Amino acid sequence: MALLEVRDLRLSFGGLKVLQDISFSVEKGAINSLIGPNGAGKTSLFNCLTGFYKPKGGSIRLGGRPITGLPPHRITALGLARTFQNIRLFKEMSVLENAMSGQHCRSRHGIVSAILHLPSQRREEDRIRAAGMRWLDFVGIAEHAHRLAGGLSYGDQRRLELARALASTPEIILLDEPAAGLNEREKLDLVHLIRRIRDETGVTVLLIEHDMGLVMQVSEKIVVFDYGQKIADGTPEAVRADPKVIEAYLGTED
Amino acid sequence: MSDGASTLSAAPQPPLVRRSFLLWALAALACALALPHFANAYVTEVATTALLYVVLCLGLNIVVGYAGLLDLGYAAFFAVGAYTTGILTSEFGFNFWLTIPVAMAAACLAGIIIGAPTLRLRSDYLAIVTLGFGEIVRIIARNLDITGGASGLVGIERPEILGFKLMQVQHFYYAFLALALLAVFVCLSVERSRMGRAWFYVRYDEDAAAGIGINRVSAKLQAYMMGAVIASVAGCLYAAKMTAISPESFTFNQSLLILLGVVLGGMGRIPGVVLGAILVALLPEVLRGAGTYRPLVTAVALLAIMLFRPNGLWPDKRG
């Protein structure tokens, strides 16, 4: 059984059909990608998967459980984490506090136990901080833990978004154009980091990406979209050779 | 994991109060404790009012400063507390201390009734709903028999502690000082806890907070309810101090004044809010000499502060 299974997903805004009967699946432990030209519906699909949009029809299953139409925080708690295309950090808070936010859904102490300073609450706080630090270290920005997130370089802000998502201990992490705005050197680092996420933590990765080079390099399977429809699905080699893909996307890009 | 990070991750939680700040805080506390021994009744009375505003502003700061929700009807929760104590002691002969948990429960309930449907909305709508709520509570208090109508309630029982009855200005000064210190402790504790961080996440970026697994409606509702509870406790003690309350103590102006204290000092940060609250209480007294020009001078002073210190007098470093 696939970890993430999308069946006949449909989404429309008014009369505009944004997604039409999209079906694909992501196996556990895979690194897969969704690609397509601008306006193909990639981010809309992403927003359906993460609960920000409510699809008109079809189903989404995570580890066999239906998650279609659940609110975003429930979906994250069930093990699907995301990053944002235009970095959405809590810029006015420290880097560590940002990373700690991922642990919110994995902890439970509330207002009353914080006021009473219960020992179990203190232990949980320690655990949240330690987890935050661990993921900052994993992405390589632990030395910036106490700086404000907004003061990080662009590349480090991208890393922090990854650390924050990973801190929610997901089964699968969805990366929305993680290479946007990165230079070649930073893109190489990103490829390395994405492989490490899967190899060292076992977290499945689904990328939405514009950058063809990066997608071909890192993905084991690619789903190609155009005009809200899936036009191809397969290994990088198969997709690269597919005439429909070349016509829709690669032909104009390369 | 590298060694460097493991030492970092072992870093302890930051203390509730920074050491450099602790000395100043203790000095301020010593002054506050000594004040009634040096000051006359008028000064003590004004200082008591200042402490009341400290409690109210700290409570509203949770809603506005932490969670970023604009509440224009905060005085309604203050009224809920005052009227709960007033009605239960004067009509039903309750002990003052027993009215506090009842008032807290009533404030929670009122918070849920107003918050649950409206906190799904964006902040501007919330401002309008809370504005309406503030007026509704005041008008209900004006028109019910049990609340004493427009003339309000009189003869509210004075509280007793171990056989000692709180009577004089000084007694209530210390009672409000204790409540203010408790409010500071509560805010400090919650500010740096899991829920406190969740409020800041929601305030700075609601969608990112939801995407990272935070139930934004629940987080906002909890901030709103906690603010409500703090205002209601302040209301209980206020009713006991005044022994008489009327709807005119809980007007829209009162809500605005509390909000002013929060924004003036620098919302989101406890020292700033305390400073703002004290200023809001002192300004009318300091300007008493200005006579009929007082509102004008107050307005100009406030405009100057907003112009030159737009983030408040003592702003949050988070910005």
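- As recorded in an unreviewed UniProt entry, chain B goes by Inner-membrane translocator and comes from Mesorhizobium plurifarium.
- The UniProt entry for chain B carries the following comment under Subcellular location (unreviewed entry): "Cell membrane".

1. Section: the side chain of Lys-42 of chain A
Residue and element names in this part refer to chain A.
Inference 1: Structurally, Lys-42 is set in helix H1 (residues 42-49).
Inference 2: Within the buried set, Lys-42 has no salt-bridge partner at all; the shortest N-O distance to an opposite charge, 4.3 Å, is to Glu-177.
Inference 3: Discounting chain neighbours no more than four positions away, the residues touching Lys-42 are Leu-34, Ile-35, Gly-36, Pro-37, Glu-177, Ile-208 and His-210.

2. As for unusual backbone geometry
Inference 1: In this structure, Glu-177 of chain A is a non-glycine residue whose phi angle is positive, near 45 degrees.
Inference 2: Relative to the elements of secondary structure, Glu-177 of chain A occurs in the loop between strand S7 (172-176) and helix H7 (184-201).
Inference 3: Looking at Glu-177 of chain A, the relative accessible area reads 9%, which means it is buried.
Inference 4: In the Ramachandran plot, Thr-243 of chain B falls in the positive-phi region, its phi being about 60 degrees despite a non-glycine side chain.
Inference 5: Summarising the element assignment, Thr-243 of chain B is placed in the loop between helix H10 (216-242) and helix H11 (252-265).
Inference 6: Judged by relative accessible area, which is 21%, Thr-243 of chain B ranks as partly exposed.

3. Looking at the pairing of strand S4 (residues 57-62) of chain A
Residue and element names in this part refer to chain A.
Inference 1: Of the strand pairs in this sheet, strand S1 (residues 4-13) and S4 are connected by five bridges, and their pairing is antiparallel. Bridge assignment links Leu-4 to a residue of S4, and that residue is Leu-62.
Inference 2: Note that S4 and strand S5 (residues 65-66) share two bridges and pair antiparallel. Within the sheet, the bridge partner assigned to Arg-61 lies in S5 and is Pro-66.
Inference 3: Between the end of S4 and the start of S5, which pair antiparallel, lie two residues, with Gly-63 showing a positive phi angle near 55 degrees.

4. Points about the pairing of strand S3 (residues 31-35) of chain A
Residues and elements named next belong to chain A.
Inference 1: Counting buried residues in S3 gives five out of five residues, a clear majority hidden from the surface.
Inference 2: Alternating positions in S3 separate into two faces, Ile-31, Ser-33 and Ile-35 on one and Asn-32 and Leu-34 on the other, with burial throughout.
Inference 3: Bridge count for S3 against strand S8 (residues 204-208) is four bridges, and the pairing is parallel. Counted as the bridge partner of Asn-32 is Leu-206 from S8.
Inference 4: Bridge count for S3 against strand S9 (residues 221-226) is four bridges, and the pairing is parallel. Pairing of Asn-32 across the sheet is with Lys-221, part of S9.

5. Quick notes on the interface of chain A and chain B
As a measure of interface size, the accessible area lost when the parts come together is often cited.
Inference 1: Contact with chain A, which involves 39 residues of that partner, is made by 40 residues of chain B.
Inference 2: With both chains or domains summed, chain A and chain B bury close to 3500 Å², and 62% of this area falls on carbon and sulfur atoms.
Inference 3: In this structure, the salt-bridge partner of Arg-197 of chain B is Glu-125 of chain A, at a minimum N-O distance of 2.9 Å.
Inference 4: Among the elements that take part in the side of chain A that touches chain B, helix H5 (residues 119-139) of chain A stands out by supplying eleven residues, more than any other.

6. With respect to the pattern of salt bridges
Pairs can form between side chains of opposite charge whenever their charged atoms are close.
Residue and element names in this part refer to chain A.
Inference 1: If you walk through the whole model with that rule in mind, you get 23 salt bridges over all chains.
Inference 2: The closest approach of N and O atoms between Lys-28 and Glu-171, which form a salt bridge, is 3.4 Å. Of this pair, Lys-28 sits in the loop between strand S2 (16-26) and S3 while Glu-171 is found in the loop between helix H6 (154-166) and S7, placing the two residues 143 residues apart along the sequence.
Inference 3: What makes Lys-28 exposed here is its relative accessible area of 56%.

Cut-off values and rules
Residues numbered from 1 in each chain as written. Chains lettered and ligands numbered in written order. Predicted model: local features only at pLDDT ≥ 70, side-chain atom pairs only at ≥ 80, totals over all residues. Heavy atoms only, no water. UniProt positions renumbered as here; feature names shortened; annotations may be inferred. Helix = DSSP H or I, 4+ residues; strand = E, 2+ residues; numbered from the N terminus. Buried < 20%, exposed > 50% of the residue type's maximum accessible area, 1.4 Å probe, protein only. Lys, Arg positive; Asp, Glu negative; His and termini not counted. Salt bridge = Lys/Arg side-chain N within 4 Å of Asp/Glu carboxyl O. Contact = heavy atoms within 4.5 Å. Pairing = 2+ DSSP bridges. Buried area = accessible area lost by both parts, 1.4 Å probe.

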